[in-house]
Amino acid sequence: MNPEEEKRATPCSSPVFVHNPHLDVMKDDVLYHFGLGTATHNLPAMFGDVKFVCVGGSPWRMKSFTEYIAAEIRMEDPESEYPNICAGTDRYAMYKHGMGIPSIAIMLHELIKLLHHAHCEDVTIVRIGTSGGIGLEPGTVVVTKKSMDATFLPKFEQVILGKTVERNTDLDQCLAEELLQCSKELNQFETVIGNTMCTLDFYEGQARLDGAFCSYTEKDKQDYLKKASEAGICNIEMESSVFAAMCKLSGLRAAVVCVTLLDRLKGDQMNSSHEVLQSYQLRPQILVGNYIKKLLKAKAGRSCNSATV
Ligand code: R2B
Ligand code: URA
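Residues numbered from 1 in each chain as written. Chains lettered and ligands numbered in written order. Predicted model: local features only at pLDDT ≥ 70, side-chain atom pairs only at ≥ 80, totals over all residues. Heavy atoms only, no water.

A.B. asks: When you look at the pairing of strand 6 (residues 141–148) in this model, what are you seeing that I'm missing?
C.D. replies: A regular strand places its side chains on the two faces of the sheet in alternate fashion. Here strand 6 lies mainly inside the structure; six of its eight residues are buried. Relative to strand 9 (residues 191–198), strand 6 runs parallel, the two sharing six bridges. Within strand 9, the residue paired with Val143 across the bridge is Ile193. Pairing of strand 6 with strand 11 (residues 253–263), which is carried by three bridges, proceeds in the antiparallel orientation. (Buried < 20%, exposed > 50% of the residue type's maximum accessible area, 1.4 Å probe, protein only. Helix = DSSP H or I, 4+ residues; strand = E, 2+ residues; numbered from the N terminus. Pairing = 2+ DSSP bridges.)

A.B. asks: Before we go on, may I ask you to explain the environment of Tyr32 in this structure?
C.D. replies: Within the secondary structure, Tyr32 sits in the loop between strand 1 (30–31) and strand 2 (36–37). With 74 residues separating them in the primary sequence, Tyr32 and Ile106 have C-alpha atoms 10.0 Å apart.

A.B. asks: Looking at this structure, I do not really get the state of the cysteines. What am I missing?
C.D. replies: Any covalent bond linking the sulfur atoms of two cysteines counts as a disulfide. Evaluated as defined, the whole model comprises zero disulfides. The thiol sulfur of Cys258 is not disulfide-bonded, and the nearest other cysteine sulfur, from Cys198, lies at 9.5 Å. (Disulfide = S-S within 2.5 Å.)

A.B. asks: What am I meant to see in the site of ligand 1 here?
C.D. replies: Neighbouring residues of ligand 1: Met99, Arg127, Thr130, Phe202, Glu237, Met238 and Glu239. In the model, an oxygen atom of ligand 1 is placed 3.3 Å from a nitrogen or oxygen of the Arg127 side chain. The side chain of Thr130 places a nitrogen or oxygen atom 3.2 Å from an oxygen atom of ligand 1. Burial of ligand 1 by the surrounding chains reaches 81%, relative to a free accessible area of 270 Å². Its residues placed into classes, the shell around ligand 1 shows three nonpolar, one polar and three charged. (Near = heavy atom within 4 Å. Polar contact = N/O pair within 3.5 Å; in protein donor to acceptor, adjacent residues only side chain to side chain. Areas by Shrake-Rupley, 256 points an atom, 1.4 Å probe, with all protein chains shown as cover. Nonpolar A, V, L, I, M, F, W, Y, C, P; charged D, E, K, R; others polar.)

Shown next, in the form of structure tokens:
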């Protein structure tokens, strides 16, 4: 089947939604942080066939993932340089952002508009990141079930025009199970599904004792982390809540896959060597890379079968 036939044969495809009537009357939409715009770039031609988007905060991690996935799915010249936004590639796009909710939220507003303007359908989006684990062996990969706030509630609060709006932070459970299954097949490292706490700060916000300020004891910290664990929280990071909320609003199939760099019940400092930390950071990439490869293979198989019918 050619792409057009395949599109028609797909029983229901899922577009990327925006919820903003103002966009309809804008002649040009400038995606400022991406250096793209609807008047200056042909977004459907550049990005219309994107099916997988992987986002992460660290430039090193995202560069290494770009190279890794390109080699894995063998679509690129391995010698070529990869821009942050892989214009011209036909299967994936790549973004990095900074740390914390505001940084990823800005990127997601523009990414969602980009996918919408490009008329993308059936897009899967995964955040690959790092986290602190609770009672897990460092290096364990956590696929998030629900992202929870620092009071252990599954919600993200956005202040809009001075009023607090609550948004749901559920992620796609099927996708999470598929990723877990993929990790079992890979059998290279431990992966679990669990809730992830998303905080506004790395130190006091995550009950660390080693920040510039600390007004609580080791026991207070342990009590708090124990309560988090009782709420099903396996790891702590700083972006998942807004990621889950925004992806849900736009109808994107989304997952959060973070490796734990340390066990927070045992300490706060990152004491492992640079090499060990880097090898841990590769794990979400390996998992997501293999998942994408598996899906593309299955899709290629289906196309072959239908071509022979
Ligand atoms: C994980 O690691 C960063 C803090 O070191 C933050 O971006 C996160 O979510
Ligand atoms: N990222 C976090 O947000 N917290 C950690 O403890 C480790 C990585």
